[in-house]
Amino acid sequence: MSTYPHESTINHYEPGLLTRVAETLRVWRQRYRSRRELAQWCERELHDIGISWSDVAYEAEKPFWRA
């Protein structure tokens, strides 16, 4: 008897609800952290990457669920 699962028992569908929720939470957490970090950068660092304080303010004020 084989220990490998029969192909018909393998899930060939999209990830389950919990997997999608976990991924969404991970993305939201990353956005939150990135925006908070960006808000801490100094003028020189922002100049180096070519963005202004108004760009930072716009991005930092967005809620974490908005891309």
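Caption draft 1: Layout of the packing of helix 1 (residues 17-39) against helix 3 (residues 53-61). Two numbers describe how helix 1 lies on helix 3: the axes approach to 9 Å, and their chain directions differ by 150 degrees. On the basis of their axis angle, the class for helix 1 and helix 3 is roughly antiparallel. For the element pair helix 1 and helix 3, the recorded crossing hand is left-handed. Packed against helix 1, whose contacting residues are R35, R36, L38 and A39, the element helix 3 presents W53, V56, E59 and A60 at the interface. Residue classes in the contact of helix 1 with helix 3 are distributed as 5 nonpolar, no polar and 3 charged.

Caption draft 2: Geometry of the packing of aromatic side chains. One pass over the full model with this rule turns up 2 aromatic pairs. With 5.3 Å between their ring centres and 65 degrees between their planes, W28 and F64 make a pair best called edge-to-face. Residue W28 is located in helix 1, and its partner F64 is located in the segment after helix 3; the two are separated by 36 residues in the primary sequence. For W28, a relative accessible area of 31% puts it in the partly exposed group. Among the aromatic residues, ring-to-ring pairing joins W28, F64 and W65 into one connected group.

Reading guide: rules and limits
Residues numbered from 1 in each chain as written. Predicted model: local features only at pLDDT ≥ 70, side-chain atom pairs only at ≥ 80, totals over all residues. Heavy atoms only, no water. Axes fitted to C-alpha atoms, helices over the stretch in contact; angles between N-to-C directions. Helix = DSSP H or I, 4+ residues; strand = E, 2+ residues; numbered from the N terminus. Parallel < 35°, antiparallel > 145°, perpendicular 65-115°, else oblique. Left-handed = near helix turned anticlockwise from the far one by under 90°. Contact = heavy atoms within 4.5 Å. Nonpolar A, V, L, I, M, F, W, Y, C, P; charged D, E, K, R; others polar. Phe/Tyr/Trp six-rings, centres within 6.5 Å; stacked < 30°, edge-to-face > 60°. Buried < 20%, exposed > 50% of the residue type's maximum accessible area, 1.4 Å probe, protein only.

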